[in-house]
Amino acid sequence: MTEMIQEVRVRFAPSPTGNLHIGGARTAIYNWAFARRNGGKFILRIEDTDPERSTSENTAQIIRSLKWLGLDWDEGPEVGGEYGPYLQTERFATYGAALEDLKAKDAVYPCFCTPEELAERREAAMEAKTYSGYDRRCRDISFEEAAARIKAGEPHTWRLKIPLDRGDVTFNDLVFGATSFPITQLDDFILVRSDGSPTYNYVVCLDDALMKISHVIRGDDHLSNTPKQILVYEALGMPTPRFAHLSMILGPDGKRLSKRHGATSVEAYKDEGYFADALLNYLALLGWSLDGSTTLFDAQVLTDNFSLDRVSKNPAVFDEKKLEWINASRIKEMGAPAFVDALVPHLCDYGLIRGGSTVYDNELGLVDGKLADTASIKADVEANRAWYEAIYPLVAERARTIAEAIPMTSYLFSGDTVFYDETSVSKCLKAEGAAVILKNAEEALSGLQQSWSTSSIEEELRKLPEQLGVKPKVIFQAVRVALCGNVVSPPLFESIELLGWENTEARLKKAIEIAN
Ligand code: GLU
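Calculation notes
- Residues numbered from 1 in each chain as written.
- Predicted model: local features only at pLDDT ≥ 70, side-chain atom pairs only at ≥ 80, totals over all residues.
- Heavy atoms only, no water.
- Pairing = 2+ DSSP bridges.
- Helix = DSSP H or I, 4+ residues; strand = E, 2+ residues; numbered from the N terminus.
- Axes fitted to C-alpha atoms, helices over the stretch in contact; angles between N-to-C directions.
- Buried < 20%, exposed > 50% of the residue type's maximum accessible area, 1.4 Å probe, protein only.
- Polar contact = N/O pair within 3.5 Å; in protein donor to acceptor, adjacent residues only side chain to side chain.
- Contact = heavy atoms within 4.5 Å.
- Parallel < 35°, antiparallel > 145°, perpendicular 65-115°, else oblique.
- Left-handed = near helix turned anticlockwise from the far one by under 90°.
- Nonpolar A, V, L, I, M, F, W, Y, C, P; charged D, E, K, R; others polar.
- Near = heavy atom within 4 Å.
- Areas by Shrake-Rupley, 256 points an atom, 1.4 Å probe, with all protein chains shown as cover.
- Right-handed = clockwise from strand over helix to strand, strands pointing away.
- Phe/Tyr/Trp six-rings, centres within 6.5 Å; stacked < 30°, edge-to-face > 60°.
- Lys NZ or Arg CZ within 6 Å of the ring centre and 35° of its normal.
- Patch = residues over 30% accessible without salt bridge, like charges linked within 9 Å, V, L, I, M, F, W, Y side chains within 5 Å.
- Salt bridge = Lys/Arg side-chain N within 4 Å of Asp/Glu carboxyl O.
- Lys, Arg positive; Asp, Glu negative; His and termini not counted.
- Charge placed at Lys NZ, Arg CZ, Asp CG, Glu CD.
- Disulfide = S-S within 2.5 Å.

Novice: Can you break down the sheet that holds strand E7 (residues 190-192) residue by residue, with the values?
Specialist: Across a sheet, strands are paired by hydrogen bonds formed along the backbone, either parallel or antiparallel in direction. If you trace the three strands from one edge of the open sheet to the other, you get E3-E4-E7, paired in antiparallel fashion. The open sheet has two edge strands, strand E3 (108-111) and E7, and neither has a second partner. Neighbour to neighbour, the strand axes of the sheet diverge by 45° on average, direction disregarded. Pairing of E3 with strand E4 (residues 157-160), which is carried by four bridges, proceeds in the antiparallel orientation.

So, in structure tokens, the structure goes:
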């Protein structure tokens, strides 16, 4: 167990240039868990300084995803806090004031090189294999000359005056350990662009310092920014936080996880029917382990136990199968009432209702029937919960996501019709003797109308193999295809109970026609 760290303040600082993706969500989870474990504060700061790529829709989407995952922040958008504003676009005055301070300290200088000049010199230096960043041409311009050129309106950026005699920049990364960058590799990078907008490496330090961030926990794509940022803290005369960089997440092909590997946004997983706590559980394991063997845990266990010393510096590999497995275990243990609650939005998406007539094919293309409206579906679920809850045992052991339960059970909502899988039909309904089997099944079940239950249905149908001298498998597959449309549907007797006698009878009659 790690010792409690005093005054923990950590932040998740997404740029709203896209959706909250898997990597960002993991960073958020680790920050949150670290704050909760140490009795600290978790802060959300939106880094929206890139006007071209930042949108308020993305911000809203990120906030939605964080909330859905169950991450709550102590300071940030919507909740406010002592160190706001928490949107960088609302902090420009602070950045301007700090620049004045840096100028007064002679820690920055104006650079008048145009982008074209810079590109030209960079190319030449690259060719000569001597390029090591900006050549510091403007660093030695006298104060008077610089002031005159600024006054004359000459476009300029502001660069950090790297202390060349400082020595290497070294820090102890809480994941990667001792890390060092030679000062000679760091150029006088830009803090403020010629249009007056501040750069990431500048504002991130100022904000982290002013928000009293104690630990910066973020992706290792920022590792090479860290020495620059340390120099900014030093120039500002503000305390440097501790750093913990998280190794990247790779796809199964060993390349950095990206869209090419399929769904990467948190919302896509939500839409596919994953549970927030399953995704949280899985993402927590992408680089951290509870004890090296436990796979399933909830948010409480995570926040009670999270520590950076159990975060691995090796890249984690995103394993969709493991996520599915974790999600499937949630379904197995959730119980029928929670299952129905989770199923309702998916029923609404497909307009499925008990006693409905909506026929979908195996790929969930609409074949026939009318979609029920959301209000009717919700009302019916309330009025007939037992029927909907009885679906749970049919899929509890089979569905990896709630969304998967829909194609598995859509035959329960298609009234007197069912969508037939052709291979199953030719194998089981067009087979020798199928019509006789189905007629007998119909007769056996017709006597049960007053005592319609899974057990009475099973009892009657189990008599057929002996009666007909046909193997049970052949009989049950024929009945299954007749009623459910395919050979791979969930448990048969339970399905028949849910279909009710009338739909069962109608479907058997149709199948008998096909079989003849
Ligand atoms: N806005 C940065 C990003 O999304 C955050 C960097 C940081 O955490 O310092 O990559």
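Novice: Outline the side chain of His-245, listing residues and values.
Specialist: Topologically, His-245 is positioned in strand E9 (residues 242-246). Judged by its relative accessible area of 0%, His-245 is buried. Separated by 3.1 Å, the side chains of His-245 and Arg-218 make a polar contact. Of note is the side chain of His-245, whose polar atom sits 3.1 Å from the side chain of Thr-226. Sequence-distant contacts of His-245, that is, excluding residues within four places in its chain, are made with Asp-173, Val-175, Phe-176, Arg-218, Gly-219, Asp-220, His-222, Leu-223 and Thr-226.

Novice: Could you give an account of the packing of helix H6 (residues 200-210) against helix H7 (residues 226-236), with specific residues and numbers?
Specialist: Any two packed helices are characterised by the angle at which their axes cross and by the distance between the axes. Where H6 contacts H7, the axes come no closer than 9 Å and their chain directions differ by 55°. When the interaxial angle is binned, H6 and H7 end up oblique. Remark: the crossing between H6 and H7 carries right-handed chirality. Along its contact with H6, which presents Tyr-200, Asn-201, Tyr-202, Val-204, Cys-205, Leu-206, Asp-208 and Ala-209, the element H7 presents Lys-228, Gln-229, Val-232, Tyr-233 and Leu-236. Among the residues forming the contact of H6 with H7, the class breakdown is nine nonpolar, two polar and two charged.

Novice: Can you break down unusual backbone geometry residue by residue, with the values?
Specialist: Glycine aside, the phi torsion of most residues is negative, and most peptide linkages are trans. With an omega of 0°, the peptide bond between Gly-84 and Pro-85 qualifies as cis. Here Pro-85 lies in the loop between helix H2 (56-68) and helix H3 (92-104). Not every positive phi belongs to a glycine, and Lys-129 is a case in point at roughly 55°. For Lys-129, the location among the structural elements is in the loop between helix H4 (115-127) and helix H5 (143-151). Looking at Lys-129, the relative accessible area reads 76%, which means it is exposed.

Novice: Please provide a residue-by-residue account of the site of the ligand, values included.
Specialist: As a matter of local geometry, the ligand sits amid Arg-11, Ala-13, Pro-14, Ser-15, Glu-47, Tyr-200, Val-204, Arg-218 and His-222. In this structure, a nitrogen atom belonging to the ligand sits 2.8 Å away from a side-chain N or O atom of Ser-15. Compared with its free state, where it exposes 300 Å², the ligand has 80% of that area covered by protein. Of the residues belonging to the shell around the ligand, the class tally is four nonpolar, two polar and three charged.

Novice: Now, about the pairing of strand E1 (residues 9-12): what can you tell me, with residues and values included?
Specialist: Burial of the side chains of E1 extends over both faces: Arg-9 and Arg-11 are buried on one face and Val-10 and Phe-12 on the other. With helix H1 (residues 22-37) bridging E1 and the parallel strand E2 (residues 41-44), this β-α-β connection has right-handed handedness.

Novice: Please give an account of the pairing of strand E6 (residues 177-181) that cites residues and values.
Specialist: Bridge analysis of strand E5 (residues 169-173) against E6 gives five bridges, and the strand direction is antiparallel. Residue pairing in the sheet places Thr-170 in a bridge with Ser-180 of E6. Connecting E5 to the next strand, E6, in antiparallel fashion are three residues.

Novice: Kindly report on the packing of aromatic side chains, identifying the contributing residues and their values.
Specialist: Taken as a whole, this structure holds 16 aromatic pairs when the rule is applied. Aromatic side chains Phe-171 and Phe-243 sit 5.7 Å apart centroid to centroid with 65° between the ring planes, which places their arrangement in the edge-to-face category. With Phe-171 in strand E5 and Phe-243 in strand E9, this residue pair connects regions lying 72 residues apart in the sequence. Under the relative-accessibility criterion, Phe-171 is labelled buried at 9%. On the numbers, 6.2 Å between centres and 55° between planes, the contact of Tyr-269 with Phe-318 is tilted. Of the two residues, Tyr-269 sits in helix H8 (residues 266-271) while Phe-318 sits in the loop between strand E11 (316-317) and helix H11 (320-334), which places them 49 residues apart along the sequence. In this pair, the class of Tyr-269 matches that of Phe-318, namely buried. Clustering of aromatic rings is evident, with ring pairs tying together Tyr-30, Trp-288, Phe-297 and Phe-306. The ring of Phe-112 has Arg-149 lying over it, and the distance from NZ or CZ to the ring centre is 4.3 Å. For Arg-159, the ring lying beneath its charged end belongs to Tyr-134, and the centroid distance is 3.6 Å.

Novice: Explain a negative patch on the surface residue by residue, including any values.
Specialist: Residues Glu-116, Glu-117, Glu-120, Glu-123 and Glu-127 make up a contiguous surface patch of negative charge. Secondary-structure assignment places Glu-120 in helix H4.

Novice: Any chance you could break down the packing of helix H18 (residues 434-446) against helix H21 (residues 472-484) for me, citing the residues and the numbers?
Specialist: Packing of H18 against H21 brings their axes to within 10 Å, and their N-to-C directions diverge by 75°. Relative to H21, the element H18 is oriented roughly perpendicular. The residues of H21 that touch H18, namely those facing Ile-437, Leu-438 and Ala-441, are Val-474, Ile-475, Ala-478, Val-479 and Ala-482. Its residues assigned to classes, the contact of H18 with H21 comprises eight nonpolar, no polar and no charged.

Novice: Which residues make up the state of the cysteines, and what values go with them?
Specialist: A full pass over the atoms with the stated rule returns zero disulfides. Distance from the sulfur of Cys-113, which forms no disulfide, to the nearest cysteine sulfur (Cys-138) is 3.7 Å. With no disulfide of its own, Cys-484 lies 12 Å from the sulfur of Cys-428, the closest cysteine sulfur. Accessibility expressed as a relative area gives 3% for Cys-484, which makes it buried.

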